[in-house]
Amino acid sequence: MDERLDLEVEIRRLKKEQNAVILAHYYQESEIQDLADFVGDSLELARRGTQATEQVIAFAGVHFMAETSKILTPEKTVVVPDLDAGCSLADGCPAPLFEEWLKKYPGHTVVSYINCSAGVKALSDVIVTSSSAEVILRQIPDPVVFAPDRNLAAWLEKKLNRKFVVWPGTCVVHETFSEKKLIDLMTRHPEAEVIAHPECEEAILRHAAVVASTSGLLRHVTTSPRQAFIVATEEGILHQMHRAAPGKTLIPAPPVADCSCNTCPHMKRNTLEKLTLCLRDLAPVLEVPEAVRVKAKKAIDRMLEMTAGLVLTPVGSRS
Ligand code: 13P
Ligand code: SF4
């Protein structure tokens, strides 16, 4: 690529030329979030993809998110900056193994977190996201199989006072927070409220005043009268929090090691340069085999139907 190109100008030009919309998750680099037409959590991104009038969806997130858009809108061309932007939860639950495992639990309703492959979605009865899981599970009687996030499952079990059969997957990012360091931080900042994503372990969640999806956490920071927060999720969300609530103090929750482990390595595979190339070349294209897509769509449609009344007002989105 010509090094003299202004990538932001070029992305805006290509977006028009290719009749494309850019959808981005909150964990993307701030430059990508600023160029996106819509930034949201997994449920909002799935919904927004179905409303796109453009022919091309350029999805700046991870594979399962773009795949969800393709499943819901097969007539669109869905392109991604990097096809290898995966997710530890999705990668830790391969569809063939999941299918075998499910044989042990006949008669169970299979509820899968959206952070899974199209193959796993196709084996599921209903999909949930962090913002819709509680609402959906309240509508589903036991017995339930829940996959693939054991931390989200544990949080839901506690909230709903129920027990599920759980696939033991975890998110590499949300498992890195240290309870000991968090307590130290809380002691040094007694004015700050701890807020956390439900993919965190119980040892972190037990200190949180609010547990919510990325959008839910953003909404809370924006609307709460509190002025300081310790934020236990991927650090990319801080960009929109700073924009939506300038002046508030946001402290990232500390990882166990001295590292940037609260940064999702998969999300961060996407760069402005790769986004430019994917808009220019309309590649790599995301495809889902039709038989898998049709089955997976049923489970996602069920989520969209069961959450139709759930009003989520995105903060920091432009459309
Ligand atoms: P949200 O749906 O809350 O944005 O979560 C997506 C995700 O991958 C969190 O790690
Ligand atoms: Fe997957 Fe965790 Fe990255 Fe979210 S933060 S995309 S759950 S690896």
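Scoring rules and cut-offs
- Residues numbered from 1 in each chain as written.
- Chains lettered and ligands numbered in written order.
- Predicted model: local features only at pLDDT ≥ 70, side-chain atom pairs only at ≥ 80, totals over all residues.
- Heavy atoms only, no water.
- Helix = DSSP H or I, 4+ residues; strand = E, 2+ residues; numbered from the N terminus.
- Rg over C-alpha atoms; globule rule 2.2 N^0.38 Å.
- Contact = heavy atoms within 4.5 Å.
- Areas by Shrake-Rupley, 256 points an atom, 1.4 Å probe, with all protein chains shown as cover.
- Near = heavy atom within 4 Å.
- Polar contact = N/O pair within 3.5 Å; in protein donor to acceptor, adjacent residues only side chain to side chain.
- Nonpolar A, V, L, I, M, F, W, Y, C, P; charged D, E, K, R; others polar.
- Patch = residues over 30% accessible without salt bridge, like charges linked within 9 Å, V, L, I, M, F, W, Y side chains within 5 Å.
- Salt bridge = Lys/Arg side-chain N within 4 Å of Asp/Glu carboxyl O.
- Lys, Arg positive; Asp, Glu negative; His and termini not counted.
- Charge placed at Lys NZ, Arg CZ, Asp CG, Glu CD.
- Buried < 20%, exposed > 50% of the residue type's maximum accessible area, 1.4 Å probe, protein only.
- Axes fitted to C-alpha atoms, helices over the stretch in contact; angles between N-to-C directions.
- Parallel < 35°, antiparallel > 145°, perpendicular 65-115°, else oblique.

### Focus: the overall build of the protein chain
Thinking step 1. When helices and strands are tallied, the protein chain shows 15 helices and twelve strands.
Thinking step 2. Taking 2.2 N^0.38 as the reference for a compact globule, 319 residues should give roughly 20 Å; the C-alpha atoms of the protein chain span a radius of gyration of 19 Å, in line with that estimate.
Thinking step 3. Taking as baseline every contact in the protein chain between residues at least 6 positions apart, the subset at least 24 positions apart corresponds to 65%.
Thinking step 4. Carbon and sulfur atoms provide 53% of the accessible area of the protein chain, an area that totals close to 13200 Å².

### Re the site of ligand 1
Thinking step 1. Neighbouring residues of ligand 1: His25, Tyr27, Asp41, Ser42, Tyr113, Asn115, Ser130, His174, His197, Glu199, Ser213 and Thr214.
Thinking step 2. Separating an oxygen atom of ligand 1 from a side-chain N or O atom of Asn115 is a distance of 3.2 Å.
Thinking step 3. A distance of 2.8 Å separates an oxygen atom of ligand 1 from a polar side-chain atom of His197.
Thinking step 4. The protein chains hide 96% of the 310 Å² of surface that ligand 1 would expose on its own.
Thinking step 5. Class assignment for the residues of the shell around ligand 1 results in two nonpolar, eight polar and two charged.

### Quick word on a negative patch on the surface
Thinking step 1. A surface patch of like charges, here negative, comprises Asp6, Glu8, Glu29 and Glu31.
Thinking step 2. Relative to the helices and strands, Glu29 is located in the loop between β1 (20-25) and α2 (30-35).
Thinking step 3. For Glu29, a relative accessible area of 31% translates into the label partly exposed.

### Quick notes on the site of ligand 2
Thinking step 1. Within the structure, ligand 2 sits among Tyr27, Val62, Cys87, Ser88, Leu89, Asn115, Cys171, Val173, Glu199, Cys264, His266 and Met267.
Thinking step 2. Considered class by class, the residues forming the shell around ligand 2 number eight nonpolar, three polar and one charged.

### A closer look at the packing of helix α4 (residues 63-72) against helix α15 (residues 290-306)
What describes two packed helices is the angle between their axes and the distance between those same axes.
Thinking step 1. Across the interface, α4 lies against α15 with an axial gap of 9 Å and an inter-helix angle of 95°. On the basis of their axis angle, the class for α4 and α15 is roughly perpendicular. Residues Thr68, Lys70, Ile71 and Leu72 of α4 form the contact with α15, whose participating residues are Arg293, Ala296, Lys297, Ile300, Asp301 and Leu304.
Thinking step 2. When grouped by side-chain class, the residues that make up the contact of α4 with α15 number five nonpolar, one polar and four charged.

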